[in-house]
Amino acid sequence: MAALLAAAGLLVTGVTAAHADTAPAAATATTPGSETDTPSLVTGLKEAAAGTGSAADAARGHLKAKKSRYHIADTSAKDLTSLGTVSEGGKETVRLQQKYKGVEVLGGQYLVRMTKKDGRRTVTGTSGNYFTELKLASVAPKVSEKTAIQRAVAAVATQLGGGLLHAPDKGAKAGGKQLTGTAGDVTILPQGSGVLTRHITVTGVSPADGTPVQQEVYVDARSGFPVMQYSSIKTFGATGTGTASAEATGEAPDTSTAAADQLVVKGTGTRYNGDKVELNLYKDIHGELQTIDYSRRTAANPLGDMIATYDARGREVAGASGAWPTGIKTFRPATPDLGTEYTDSGAVDAHWAAGKVFDYYKNHFGRDALDDEGGPIYSLVGVVANGQPYNNAFWDGQKMVYGQGGGDYRTFSADTDVVGHEMTHGVVEHTANLVYAGQSGAMNEALADYFGNAIDLEANNVSMDDPDAGLLGEDLCTTLSPRECALRDLNDGKTTSKDFIGVTYRGDNGGVHLNSTIFSGALWDMRQDLGGDLADQIVYRALSAYMTPLDGFTEGRAAVIAAAQELGVTKAQLTIVKRSFAAHGIVPGWEKALGVDTDTILSKVNVFNTGVGAGGGKYAVSRSNEDGSEPYSVWLGNTSGTGAPQLMSANNGDYNVYADTDGKTVVWADYSSTGIKIMARPVKGGVAKVVDGIGSDVSGLVVDGDYVAYTAFNPQFGVTNVRYVNMKTGAVGLVDGGRPYNVSGLPSVKDGKIAYAKLAPDANGDYALGVEVFDGATGTKTAMPVADAANTVSIGQTAITDDGVFWIEDNDATDTGKAAVRRADLDGSHPVTLTQEAGDDSLYAYSLTASDDAVTVTTLPPATSWANETLPKLVQLAPDGKGGAQRVSCNRGDQAYAAADEGQRVLWLDGTTGYTNLVKRDRPAGRC
């Protein structure tokens, strides 16, 4: 679980037989679990399974009989339910799901492996995650489903908003489809004694870039605070896309009723690479040909094993993610010989390659389709984003979706490894179901890359010795060479010590693409040295019979080694397996070797998306206990790092978040089942007081002197407004009046003045963006001079100091991602551009914070490909911009939620080590 939140076995066929130097049958070996009494891996067993009932009954019976080994108190079907049994060649693997008082535990899966001969079963091993430390007094949620949905939607909107307030035409590009939430089951996050949550799936279109959204959000069921969220859309990679508009969606087309004896029409088509290939088509009762392949159906499964390829050209990607575009149909060629139109659209490659992937899994592992139950295989080919090319592909849990290429990219079904990659996500989902976040998500990507490439080589008769054999996506481009075009390289040599990137869920779902080739590179090295047949069997056995949803790199390594031993590898071959992982730094304890150039103030704060506040030599931050099970509390400390931090909030079961301080007062938001309270407490002591309250959601809490300001989410209109409180007089108000056509956010406060970004109608009725300063004493507002009011497309975070106001301003409608950093005096005079929007010294400015002596800017380049350089990094400027920008830290990994203190000192939450640590630097590092 720390790797996530810091995120059927067959007999070998076609594999070298065991010889005299075969690794000896291992004696029983037990690997302890992490923060649980149940072992994570047991191998070398030869223990008779009790009973003659089902495999699941035998598995539960074994766990019950060996209670002293497994420490599983309740092995009944109520709290240890069967997810299925995979049987092949005398082997059975039972996958069991842990529940606690009837509530599912996220990632709590335990596997029991057995052999069966003459009706008798023998247990050979077990593995997985069963959490023995769960201790919840009640599993009844206090937070209503409605409140959980509301807060989940608000949290996703805040995370995806890009840190900017956008002009209305930006929203128009996104199709105006608001984010919506759907409640799933109550779920326990297995952190410490357990965190009871409501699982909400938020779908729609990103307010920042218009891409489709399918975000899994876990809302604490006692307080209503969203404690975890990640995207469940499994993309091939980031390549830069247009924005998407929404369209009406329908149900999956019903093609299951076609008779088993329907004629399979043999057709042909030409792939993008010029190869002419055979295609299986279907002629319906009207005599119309369709790209549906029924050729793999059997008498045992007359309604299964169907491959259908749909014409999604011109359909918006937002309407294809997690749903079906209304009225979509398969491709309908006029003749069995598909012409150029079907080559250029990507239909030929998608349909042909889907069959190759099916055959690979069937022929090598006996697997019957992605779900191993003969389920249909659907592909949607040619989606666009707001009418523009969508250079990506993804698996959404029920189908593959391939974008229409643009620029130098072909349609994303053009490369067999892309098709194999996305379909393998479906196989992973129906086996280990590795959670798509953090290390488990990186392993999900790694396995999809490994098998996708293995399938590509086999289908296209390419040798492992080919210098481009390890490339993925290398055939997607029209003019670039394979190496220039490839999105990833399994031979890139990445290691944990040199290349692992610690990143929050905000970026790449915790590094699922960034870190994937560390693990897939180890697997690929193993394949090069062992050969494809044996390596593929080992990796598939590890996936289907050993891995469980929350496994990280260390557990993945153990699963592959154990699978290799089970399959009877020789001593030399086992050495190769272990050496492959060691070469990529995947060894026990590898996380401890990651270094930083910062001072750590607090390690492992174990919080999600709650920010940092600093001022007057003090910091305020939310923190949980080491296992992350404790509701967040607010702590105060010295920004110098000296002394022990002081607990400021009550341990009352609420989540206390978004803390800020000016060195004299600490403020925070207290999330409970009944609402959100804005709390304040003096630094020098005294009781915490409620200074305001709201029912929906908040962010961006700031304090200075008597004034508190924050961004409040208005669920009625789906907008935000800046709300302020005068703690001395008790006065409360909205800086923009709160009308549905007024939007404001990103506040900062100093000496009774509140700076904020605003969106409101001008005198002509047109919407305009700007920056204003609200004077709490007089109620007057002063507009700051934006550089190009008529063309401003977004305004970023504000910062107000004794000397002036700073803000981020984007006036470029071409979406380069770069923005200017600007400043003006408090009365709007003497405007200065610290960094230009274009040119050599321009920045991908995303957020900022300022003291009287320095401005610290968070930069966030657009993720055209995932790399350390595309993560949030901090740079620092002089208040007048002279001298240029300097990197604050050279740490690799996330640098998020920067908070300026005094002088050049800045604090932030850093993810370099794989944990969330509060760190600081007193001056910039300079160049990196």
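Our subject is the structure listed above.
It should be emphasised that the depicted structure is a prediction, and the values quoted were computed from it without experimental measurement. (Residues numbered from 1 in each chain as written. Predicted model: local features only at pLDDT ≥ 70, side-chain atom pairs only at ≥ 80, totals over all residues. Heavy atoms only, no water.)

Draft legend 1. The arrangement of the overall build of the chain in detail. Helices and strands together make up the secondary structure of the chain, namely 16 helices and 55 strands. With the C-alpha coordinates aligned to their principal axes, the bounding extent of the chain is approximately 85 × 65 × 50 Å. Buried positions account for 59% of the 928 residues belonging to the chain. With the model as given, the accessible surface of the chain reaches about 33,800 Å², and the carbon-plus-sulfur share is 48%. When the 80 basic and 107 acidic side-chain charges of the chain are each reduced to a single mean position, those positions are 7 Å apart. (Helix = DSSP H or I, 4+ residues; strand = E, 2+ residues; numbered from the N terminus. Buried < 20%, exposed > 50% of the residue type's maximum accessible area, 1.4 Å probe, protein only. Areas by Shrake-Rupley, 256 points an atom, 1.4 Å probe, with all protein chains shown as cover. Lys, Arg positive; Asp, Glu negative; His and termini not counted. Charge placed at Lys NZ, Arg CZ, Asp CG, Glu CD.)

Draft legend 2. Here's a closer look at the nonpolar core. Counting 92 residues, the largest nonpolar core has Phe-451, Ile-538 and Met-547 as the members making the most contacts within it. In terms of residues, this core owes the most to one element, helix 7 (residues 347-365), which gives 11 residues. The contact partners of Ile-538, leaving out residues within four places of it in the chain, are Met-526, Leu-530, Val-560, Ala-563, Ala-564, Leu-567 and Val-569. With 51 residues, the next largest nonpolar core counts Val-621, Val-698, Tyr-710 and Ala-712 among its residues. (Core = buried A, V, L, I, M, F, W, Y, C linked by side-chain atoms within 4.5 Å. Contact = heavy atoms within 4.5 Å.)

Draft legend 3. Just the sheet that holds strand 41 (residues 743-750), in detail. Taken together, the 4 strands give an open sheet; going across it, the order is 41-42-43-44, and neighbouring strands pair in antiparallel fashion. At either end of the open sheet lies a strand with only one pairing partner, and these are strand 41 and strand 44 (781-783). The mean inter-strand angle of the sheet, taken between neighbouring strand axes irrespective of direction, is 30 degrees. Pairing geometry for strand 42 (residues 753-761) and strand 43 (residues 767-775), over 9 bridges, is antiparallel. Note on strand 43: the bridge partner recorded for Lys-758 is Gly-770. (Pairing = 2+ DSSP bridges. Axes fitted to C-alpha atoms, helices over the stretch in contact; angles between N-to-C directions.)

Draft legend 4. Structural view of the packing of aromatic side chains. Within the structure shown, the criterion is met by 31 aromatic pairs. An angle of 40 degrees between the planes, with centres 5.6 Å apart, marks the rings of Tyr-409 and Phe-412 as tilted. As far as the burial class goes, Tyr-409 and Phe-412 line up, both buried. With 5.6 Å between their ring centres and 55 degrees between their planes, Phe-519 and Phe-581 make a pair best called tilted. Placement of Phe-519 in helix 13 (residues 516-530) and of Phe-581 in helix 16 (residues 571-583) is noted, with a sequence separation of 62 residues between them. These aromatic residues form a ring-pair network of at least three members: Tyr-360, Tyr-361, Phe-365, Tyr-450, Phe-451, Trp-524 and Tyr-540. (Phe/Tyr/Trp six-rings, centres within 6.5 Å; stacked < 30°, edge-to-face > 60°.)

Draft legend 5. Inspection of the sheet that holds strand 37 (residues 697-704) at higher detail. The 4 strands lie next to each other as 37-38-39-40, forming an open sheet whose pairing is antiparallel. Unpaired on one side and paired on the other, strand 37 and strand 40 (732-734) mark the two borders of the sheet. Strand after strand, the sheet turns through a mean of 20 degrees between neighbouring axes, direction not considered. Judged from the 3 bridges that link them, strand 39 (residues 719-726) and strand 40 form a sheet pairing that is antiparallel. Bridging from a neighbouring strand, Val-725 pairs with Val-732 of strand 40.

Draft legend 6. Looking closely at the packing of helix 9 (residues 438-459) against helix 13. Two elements in contact, helix 9 and helix 13, have axes separated by 8 Å at closest approach and are oriented at 40 degrees. On the basis of their axis angle, the class for helix 9 and helix 13 is oblique. Read as a crossing pair, helix 9 and helix 13 show a hand that is right-handed. Every residue of helix 13 that contacts helix 9 at Ala-442, Met-443, Glu-445, Ala-446, Leu-447, Asp-449, Tyr-450, Asn-453, Ala-454 and Leu-457 is listed here: Ser-516, Phe-519, Ser-520, Leu-523, Trp-524 and Arg-527. Split by residue class, the contact of helix 9 with helix 13 holds 10 nonpolar, 3 polar and 3 charged. (Parallel < 35°, antiparallel > 145°, perpendicular 65-115°, else oblique. Left-handed = near helix turned anticlockwise from the far one by under 90°. Nonpolar A, V, L, I, M, F, W, Y, C, P; charged D, E, K, R; others polar.)

Draft legend 7. Summary view of the state of the cysteines. Considering all chains together, one arrives at 2 disulfides under this definition. Residue Cys-477 pairs covalently with Cys-485 via a disulfide, S to S 2.1 Å. Disulfide Cys-477-Cys-485: torsion about the S-S bond near 85 degrees, hence right-handed. Using a relative accessible area of 5% as the deciding quantity, one classes Cys-477 as buried. What makes Cys-485 buried here is its relative accessible area of 1%. The disulfide partner of Cys-890 is Cys-928, and the S-S distance across this bridge is 2.0 Å. The sign of the -90 degrees torsion about the S-S bond sets the Cys-890-Cys-928 disulfide as left-handed. In this pair, Cys-890 is assigned in the loop between strand 52 (886-887) and strand 53 (895-900) and Cys-928 in the segment after strand 55 (917-921), connecting sequence segments 38 residues apart. Here the chain pairs its bonded cysteines, counted in sequence order, in the arrangement 1-2, 3-4. (Disulfide = S-S within 2.5 Å.)

Draft legend 8. The packing of helix 7 against helix 9, seen in detail. One can describe the packing of helix 7 onto helix 9 by two numbers: an axis separation of 10 Å at closest approach and a directional angle of 100 degrees. When the axes of helix 7 and helix 9 are compared, the pair comes out roughly perpendicular. Across the interface between the two elements, Trp-352, Lys-356, Val-357, Tyr-360, Tyr-361, His-364 and Phe-365 of helix 7 pack against Phe-451, Ala-454, Ile-455, Glu-458 and Ala-459 of helix 9.

Draft legend 9. Structural detail: the pattern of salt bridges. Tallying each qualifying case throughout the model produces 31 salt bridges. Among the salt bridges present, the one from Asp-775 reaches Lys-753, with a minimum N-O distance of 3.8 Å. Here Lys-753 lies in strand 42 and Asp-775 lies in strand 43, a separation of 22 residues in the sequence. Residue class for Asp-775 comes out buried when judged on its relative accessible area of 17%. Residues Glu-772 and Lys-758 are paired through a salt bridge, measuring 3.0 Å at the closest nitrogen-oxygen approach. Taken as a pair, Glu-772 in strand 43 and Lys-758 in strand 42 lie far apart in primary sequence, 14 residues in all. (Salt bridge = Lys/Arg side-chain N within 4 Å of Asp/Glu carboxyl O.)

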